[in-house]
Amino acid sequence: MSDGRHLAGNLAVVTGGGRGIGAAIAEALAELGAGVAVLGRDADELRGRAASIAEAHGVRTHAAVCDVTDEVAVQHAFSDIRAALGEVHILVNNAGQSAGVAFGDTTREVWDRMLAVNLTGTFHCTQQVVPAMQAAKWGRIINIASTAGQKGYSHTAAYCAAKHGVVGLTRALAMETARQGITVNAVCPGYTDTDMARSAIDNLVRAGRTEDDALRAITRVMPIDRLIRPEEVASAVAWLCAPGAAAVTGQCIGVAGGEVM
Ligand code: NDP
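Residues numbered from 1 in each chain as written. Predicted model: local features only at pLDDT ≥ 70, side-chain atom pairs only at ≥ 80, totals over all residues. Heavy atoms only, no water.

By the naming in an unreviewed UniProt entry, the protein chain is NAD(P)-dependent dehydrogenase (Short-subunit alcohol dehydrogenase family), taken from Longimicrobium terrae.

See below:
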């Protein structure tokens, strides 16, 4: 399509689409013409995002309220999405939480929550879309993992384990669906300028660093020497949905300013 709206006629679900990286992804896909359902726990935030995207891009949108850790709630949310907008062609598993704690302070609650939100939530949502994608012989699944899905960082054992799991799920499902017109990829951001990175900076400030020091501490692992912008992550997701990326599957695409080659 020559008007740059090559995703017109497709429906994308973006989990955690109310704010941060997910909101940027929802915007980018809508700009390309896709209808968009944003999914998360904060109904007001999601409704506001859905309304502003519909107004800005002239696409159909929907706000789906659920916690991705709750399998039954996820089933209901996807039923609502299908009833409102039809079958899902693109799924972006972006909802996530991080926890910066030493291994010795990693309680069973923290461990379970990291795995439940980041990994099992991705599994729940993916289960909801694969059968229809297989029937349609087309689908795009993009999991927002992290550089923490490709290497270890201290004080993040549970988050790293969960994100490595997301990468494993991505690679395995990509093999299973490669001949079915479905691609499954992970996008792995480095520290990105959202509430999540903000809280990592706040933790360092509470531990006695200045704001500048804290920012330098988290960006020094990235050769680009700055936080990633949410729109830069969204741009990789949009590319993975483009016709030219049909042969790209099972990959981890780093958007991390040169970290993790
Ligand atoms: P934010 O904290 O800004 O946003 C997280 C989003 O996930 C929110 O929309 C939140 O909505 C949603 N979410 C969290 N828990 C749940 C849940 N249980 N059920 C449904 N939705 C949930 O983070 P980012 O935008 O920065 O992060 C997006 C993704 O990118 C995450 O997977 C994160 O791990 C990953 N990432 C982020 C990096 C960063 O530096 N920012 C670096 C690498 C990866 P709500 O709380 O309202 O439900």
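From this point on, the discussion continues.
Colleague: Hey, could you run me through the domain arrangement of the protein chain in this one?
Modeller: Think of interface size as the accessible area that goes away when the parts come together; that is how it is often given. For the protein chain, the assigned domains are domain 1 (7-190 + 230-254) and domain 2 (193-227). Domain 1 puts 10 residues into the contact, and the matching count from domain 2 is 6 residues. With both chains or domains summed, domain 1 and domain 2 bury close to 590 Å², and 58% of this area falls on carbon and sulfur atoms. For the interface between domain 1 and domain 2, the tally reads 2 salt bridges. Of the charged contacts, one joins Arg-19 and Asp-195 as a salt bridge, the two residues approaching to 3.2 Å between their closest N and O atoms. Elements with a minimum of two residues in the side of domain 1 that touches domain 2: α1 (20-31) and α8 (230-240). When grouped by side-chain class, the residues that make up the side of domain 1 that touches domain 2 number 3 nonpolar, 5 polar and 2 charged. (Domains from an automatic or database assignment. Contact = heavy atoms within 4.5 Å. Buried area = accessible area lost by both parts, 1.4 Å probe. Salt bridge = Lys/Arg side-chain N within 4 Å of Asp/Glu carboxyl O. Helix = DSSP H or I, 4+ residues; strand = E, 2+ residues; numbered from the N terminus. Nonpolar A, V, L, I, M, F, W, Y, C, P; charged D, E, K, R; others polar.)

Colleague: What is the right way to look at the sheet that holds strand β1 (residues 11-15) in this model?
Modeller: The strands that make up a sheet pair up through hydrogen bonds in the backbone, lying either parallel or antiparallel. Read across the sheet, 7 strands follow the order β3-β2-β1-β4-β5-β6-β7 without closing on themselves; strand pairing throughout is parallel. Looking at which strands have only one partner, the edges of the open sheet turn out to be β3 (61-65) and β7 (252-255). Each strand axis lies, on average, 20° off the axis of its neighbour in the sheet, ignoring direction. In the sheet, strand β4 (residues 90-93) pairs with strand β5 (residues 139-144) via 4 bridges, with the strands oriented parallel. When the sheet's bridge partners are listed, Leu-91 is paired in β5 with Ile-141. The strands that helix α2 (residues 43-57) touches are β2 (35-40) and β3; relative to β3, the one it contacts most, it runs at about 170°. The sheet strands contacting helix α4 (residues 108-136) are β1, β4, β5 and β6 (182-189), and the helix crosses β4 at an angle near 170°. (Pairing = 2+ DSSP bridges. Axes fitted to C-alpha atoms, helices over the stretch in contact; angles between N-to-C directions.)

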